[in-house]
Each structure stands twice: as C-alpha cells, then as structure tokens.
Protein chains: 2
Amino acid sequence: MIIDKLFESVEKNGHVCVGLDTDVEYIPKWVINKNTSIEDAIFEYNKNIIDATLDVASCYKVQIAYYEALGISGLMVYKKTLEYIRSKKAIVIADIKRGDIAKTAEMYARAHFEGDFESDFVTLNPYMGLDGVEPYLPYVKNKEKGLFLLVRTSNKGAEDIQYVDTKEKEKVYNVVGEKIQQIGEQCMGSCGYSSIGGVVGCTHVEEGIKLRADLNKMFFLIPGYGAQGGKAEDVALYLHQGNGGVVNSSRGILLAYKKVEDGEKNYAECARKEAVRMRDDILSKLKINS
Amino acid sequence: MIIDKLFESVEKNGHVCVGLDTDVEYIPKWVINKNTSIEDAIFEYNKNIIDATLDVASCYKVQIAYYEALGISGLMVYKKTLEYIRSKKAIVIADIKRGDIAKTAEMYARAHFEGDFESDFVTLNPYMGLDGVEPYLPYVKNKEKGLFLLVRTSNKGAEDIQYVDTKEKEKVYNVVGEKIQQIGEQCMGSCGYSSIGGVVGCTHVEEGIKLRADLNKMFFLIPGYGAQGGKAEDVALYLHQGNGGVVNSSRGILLAYKKVEDGEKNYAECARKEAVRMRDDILSKLKINS
C-alpha cells in the first residue's frame with residue numbers, strides 16, 4: 001500500500017509536502033534568461049527545488065492548473081516534473097481535484113495513474129458522489145496508488161457547501177469525511193491508515209480535535225500552513241502520534257528566496273532552508289503535545 | 001453575453017448538445033486503420049460527427065477526461081477538436097469539472113478560456129465554495145465566456161452529498177443552486193438567463209418542476225437523457241417556454257451507428273439521424289406541455 005510508503009517518508013523526513021505550484025512569475029529572471037524557453041526555465045526551477053529538498057520533504061504536490069494554464073507545452077513540463085520526482089524515488093501527489101463518475105472517472109484514473117501523467121496520489125473532489133471513487137480502486141488496491149479526497153478545505157468559501165448544517169450529522173464535511181473513511185477501509189495500510197486519505201485544512205482548533213478523532217483511519221493532506229494563516233500548533237492537532245498527515249507549503253517554500261538579500265541567486269538553497277524551518281516548527285509542536 | 005448566443009442556437013437548432021466523449025473503442029475499425037495514428041483517427045471521427053450535426057446541435061460538449069487519458073497527444077486532439085468546433089462558429093462547452101480557488105482557479109480560467117484549450121463554456125465543481133467562481137467572472141463579463149456549475153447530477157451517488165438534508169433549506173443541491181443563481185445575476189443575458197448556468201440531471205419529476213421554478217434565471221446543461229434513463233418528457237420539465245436548457249447526449253449519438261446494419265460505414269450520418277430524432281423527441285414533448 002502506497003500509504004505505508006508515505007507514512008515511512010514522514011517518519012524519516014518530517015511532514016513537509018513541497019508544493020510545486022510553479023507560476024512563471026515566481027522564477028528568478030536570471031533562470032528565465034539562461035533558458036531558451038519558459039518551459040525549460042520552469043523545469044530547471046522545479047528540478048533545483050526538488051534536488052534541494054529531497055531529504056526534508058515527505059512528498060511533493062504538483063498543482064496541475066499552473067501547467068494546464070500554459071497549454072500543451074505547460075503539460076509537457078508537468079509530465080517531466082512528475083517523472084523527475086518519481087525517478088528520485090520520492091512520492092508525488094498530483095493535485096488535480098478531478099471529480100466525475102463512471103467511465104469518465106475511469107478515464108481520469110487512466111490519465112493520472114498511467115502513461116504521461118503517472119503520479120502516486122491524486123486529489124479528488126467528491127461532490128458528484130462517492131460512486132466516482134470506484135474506478136480508482138483497482139489502482140489503489142493493486143497498483144500502489146492512493147487518493148486524497150476533499151473533505152474540508154481552508155478557504156473562506158468552504159462555508160458555502162462544506163459547512164452547511166445537515167439534519168442527520170453536523171455538517172456536510174462530517175458526512176463526507178465519514179463516507180470516505182468507510183470506503184477507505186478496503187485499502188488499509190499496515191501503518192493504520194488507508195490509502196484513501198482526505199484533504200483537511202488546518203483552521204479552526206476545536207474542529208481539528210474532533211476531525212482527527214472521528215477520522216482516525218484517514219491520512220490527511222493538510223493545506224493552509226503559513227501564507228493561509230495556519231500555524232504549526234494548529235497543524236499538530238491534525239496529526240496523531242507524530243504521523244497521519246503531510247502539510248503542504250507551496251509559495252512559502254518556492255518564494256522563500258524573496259525574504260533573503262540576494263536570495264534570487266540561491267533560490268533552491270532558500271527553499272531548502274524554509275522547508276527545514278517548517279519541518280522543525282511542526283516537529284517542535286508535536287513534542288509539546290505528546 | 002455568451003448565453004444569448006446559446007439561447008439563439010437553441011431557438012434555431014433545438015436542444016441537443018452533442019457530447020464528444022470520444023473513446024477510441026467507439027471509432028469504427030476502418031477509420032482507425034486508414035489513419036497513421038490513433039490521434040488522427042479520433043480527430044477525423046470527431047470532425048465528421050461535427051460536420052454532420054452542425055445544423056441540429058445547439059452546441060458541443062467535449063469531455064476532456066477522454067483526451068487526458070491519452071496524455072499529451074490526447075490533449076493535442078482535444079485542442080484540435082475545440083478549434084474545429086469554434087472555426088465552424090458553433091458553441092463548445094469544455095466539460096472539465098474543475099474546482100479550485102484563488103490563484104489556482106485563475107490558472108484554470110486561463111487554461112480553458114485562453115490559449116490552446118480555449119472554449120466558450122466550462123463546467124465547474126462548486127464543492128470548495130463559490131469564491132472559486134470569482135476568478136472566472138472577468139471572462140464571463142468581458143470576454144463572452146460562460147460557466148455551468150454542478151448543481152444536481154444524474155448519477156446514483158449524487159445522493160451522497162447533493163441530496164443531504166440540510167437544516168435551513170431542503171437539500172445541499174438547493175442551497176448550491178440558489179447561491180449560484182445569486183452570483184449569476186451579475187452576468188445576465190438579454191434572453192433572461194445568466195451566463196452562469198447549472199448542470200442539472202433530468203431525473204425525478206417533482207424535483208424538476210421545483211428546480212425550474214426556483215432557478216428561473218439559470219440556464220441548464222442537462223445530462224441523463226437516453227442511456228442514463230432520462231426521457232424527453234422529463235427533460236421538458238427542465239425547460240421553460242421552449243428554451244432555458246440544452247440536453248446532452250454522448251454515446252447515444254456517437255454510437256448510433258451500432259444500431260444500424262452496416263452502420264459503421266456511415267457513422268456520421270447515423271449520428272446525425274439520432275440527433276434529429278432526439279431533437280424532435282424533445283420538441284414534441286414541449287408542444288404537449290405548452
């Protein structure tokens with residue numbers, strides 16, 4: 001089960017998930033100038049960030065939208081980036097948030113678990129219903145693949161649907177979380193978590209404690225640290241015995257160089273330092289809690 | 001406003017939205033054999049279906065998952081298919097069901113309203129919240145683009161989230177529908193509908209009547225006809241004064257040739273006949289209702 005690999009990676013490297021949401025604007029000018037195309041510059045930038053963070057990252061998350069925005073040539077960089085991460089034996093989460101059903105979901109599973117865009121985990125959106133998860137299960141059960149389904153996200157608008165009060169349970173996201181955990185029981189790793197995880201933003205303290213308790217078999221992909229206001233002590237609530245989740249940072253790591261004088265020249269080194277700082281920040285709060 | 005163009009197209013050609021969910025397996029062997037690549041065969045097939053249905057289709061819906069499954073070369077066919085439809089002055093809905101927020105949503109808007117994958121409408125998933133719609137609004141307001149947000153889909157699993165009973169309103173999909181209609185008021189066309197429409201499956205009769213009444217400014221993209229069990233009389237409930245929605249059929253049209261002896265040779269002609277039959281089927285039920 002792929003979740004065991006991710007669990008081990010957290011034990012070894014800490015919780016940081018390096019988010020490669022690489023906007024062209026993030027790339028230092030000198031890197032763009034020395035390359036013959038924007039796409040080559042993006043790949044060089046990604047490659048250097050990956051090389052600099054391999055031993056401090058639990059995994060990488062690549063946000064496909066940034067590549068899709070550049071059309072075919074952007075998706076070729078996306079492909080190369082995934083291939084490079086996998087060639088380094090690191091774990092890659094394709095942040096695609098696809099959500100569809102039946103044969104269309106089958107097609108998405110094929111797109112992102114085989115061929116050009118093969119990844120280890122994909123993020124999925126459950127709004128259409130959990131029958132949309134079924135086409136992915138053969139990959140999860142037999143091909144070392146995993147899923148992270150959106151449960152509760154960290155944006156303001158999450159209140160529109162996810163926080164709607166339901167008659168039966170507390171909120172829509174509680175209903176969704178429970179259903180996903182139930183499906184996940186078919187794909188349990190020996191680490192105690194399922195290869196079907198959940199995306200859970202690290203905001204709202206009381207909710208964090210309850211969510212971790214309710215969804216005790218679910219591994220969390222946790223956005224919202226840093227730029228979005230989440231602190232290490234918040235994140236710690238979503239972890240359990242020092243594991244059970246990875247914490248994404250994209251801009252915080254990619255743009256760390258902007259906070260350092262002459263940082264542009266050593267952007268990858270700056271990214272590494274920020275990843276180390278973040279790892280230690282989270283680990284320190286776990287020690288206090290345990 | 002793009003919605004006025006779609007409204008006029010329905011007035012002129014009827015309600016049929018031709019779904020180009022082109023699986024390689026749907027393409028007759030002889031078409032595959034005469035082409036030098038699978039991708040060329042898919043494009044030829046799409047092109048012939050488009051040419052044969054231009055005057056009986058209100059619009060085309062291209063399901064990106066089928067192309068994404070083939071990786072980079074599949075997405076090149078996707079690009080060519082969109083370009084071909086637009087070159088014929090027909091309206092194309094990119095069925096991408098993306099759903100994200102902030103800068104990521106901006107990137108998806110750029111990906112599908114500009115450049116390689118430019119379309120007229122995109123489908124979106126609202127689960128993360130309606131703040132995810134904002135980055136698309138400049139395109140809707142100023143660039144003749146439109147959206148269809150998932151409200152209530154026609155699959156069994158729709159019950160998992162969309163049908164959850166809420167405390168305030170009836171069901172999650174009612175809450176979602178109302179919020180989307182509210183946002184849509186910023187982008188009203190002169191036809192009386194907004195360029196922000198909704199995806200509403202044509203099942204459950206009583207619900208159809210209520211949904212049409214509640215969401216009276218929302219143009220519907222209606223899946224579920226034919227293969228999924230929806231009948232023309234069901235569809236008619238979701239329309240209003242003969243307009244206000246388009247009805248998708250993918251396999252019903254693409255595979256019409258399989259129901260005809262020697263149909264393989266004339267697959268495009270068979271697709272046309274099925275589109276005509278479907279158009280007239282829906283129109284006949286509207287006449288009974290009005």
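Cut-offs and rules
Residues numbered from 1 in each chain as written. Chains lettered and ligands numbered in written order. Predicted model: local features only at pLDDT ≥ 70, side-chain atom pairs only at ≥ 80, totals over all residues. Heavy atoms only, no water. Least-squares fit on C-alpha atoms with pLDDT ≥ 70 in both. Contact = heavy atoms within 4.5 Å. Pairing = 2+ DSSP bridges. Helix = DSSP H or I, 4+ residues; strand = E, 2+ residues; numbered from the N terminus. Axes fitted to C-alpha atoms, helices over the stretch in contact; angles between N-to-C directions. UniProt positions renumbered as here; feature names shortened; annotations may be inferred. Buried < 20%, exposed > 50% of the residue type's maximum accessible area, 1.4 Å probe, protein only. Polar contact = N/O pair within 3.5 Å; in protein donor to acceptor, adjacent residues only side chain to side chain. Phe/Tyr/Trp six-rings, centres within 6.5 Å; stacked < 30°, edge-to-face > 60°. Salt bridge = Lys/Arg side-chain N within 4 Å of Asp/Glu carboxyl O.

**Q** Any chance you could break down the relation of the copies chain A and chain B for me, citing the residues and the numbers?
**A** One copy of the chain maps onto the second through a rotation about an axis and a displacement along it. Least-squares fitting of chain A to chain B yields an RMSD of 0.0 Å, with the superposition described by an axial translation of 0.0 Å and a rotation of 180 degrees. The superposition operator between the copies reduces to a two-fold rotation axis. Measuring from the rotation axis to each C-alpha of chain A, the shortest distance belongs to T166(A), at 2.0 Å. When the interface residues of chain A are mapped onto chain B, 100% of them again lie at the interface, so the same face is used by both copies.

**Q** Let's hear about the sheet that holds strand 1 (residues 16-19) of chain A: which residues, and what values?
**A** Residue and element names in this part refer to chain A. Reading around the barrel, the 8 strands line up as 1-2-3-4-5-6-7-8 and close back on themselves, with parallel pairing between neighbours. Going across the sheet, the axis of each strand differs from the next one's by a mean of 30 degrees, ignoring polarity. Note that strand 6 (residues 196-200) and strand 7 (residues 220-222) share 2 bridges and pair parallel. Bridging from a neighbouring strand, G198 pairs with F220 of strand 7.

**Q** Account for the UniProt feature "active site" (unreviewed entry) in chain A, with residues named and values stated.
**A** Residue and element names in this part refer to chain A. Sequence positions flagged by UniProt for "active site" (unreviewed entry) are, in local numbering, K97. Its place among the elements puts K97 in strand 3 (residues 92-98). Overall, K97 belongs to the buried group, its relative accessible area being 8%. Of the polar contacts made by the side chain of K97, one reaches the side chain of D95; its length is 3.0 Å.

**Q** How would you explain the packing of aromatic side chains if you had to name every residue and give the values?
**A** Residues and elements named next belong to chain B. According to the stated counting rule, one finds 26 aromatic pairs over all chains in the structure shown. Taking 6.2 Å as the distance between ring centres and 55 degrees as the angle between the ring planes, the aromatic pair formed by W30 and Y267 counts as tilted. Of this pair, W30 sits in helix 2 (residues 29-34) while Y267 is found in helix 13 (residues 267-289), placing the two residues 237 residues apart along the sequence. Judged by its relative accessible area of 2%, Y267 falls in the buried class.

**Q** Just give me the short version of the pattern of salt bridges, but keep the residues and values in it.
**A** A full pass over the atoms with the stated rule returns 54 salt bridges over all chains. In this structure, D95(B) and K97(B) form a salt bridge, with 3.0 Å as the shortest nitrogen-oxygen distance. Each member of the pair, D95(B) together with K97(B), is buried. Salt-bridge contacts for D262(B) lead to K265(B); the nearest nitrogen and oxygen are separated by 3.8 Å. In this structure K265(B) comes out as exposed when scored by relative accessible area, which is 56%. Look at the salt bridges and you will find they share partners, linking K61(A), D95(A), K97(A) and D100(B) into a network.

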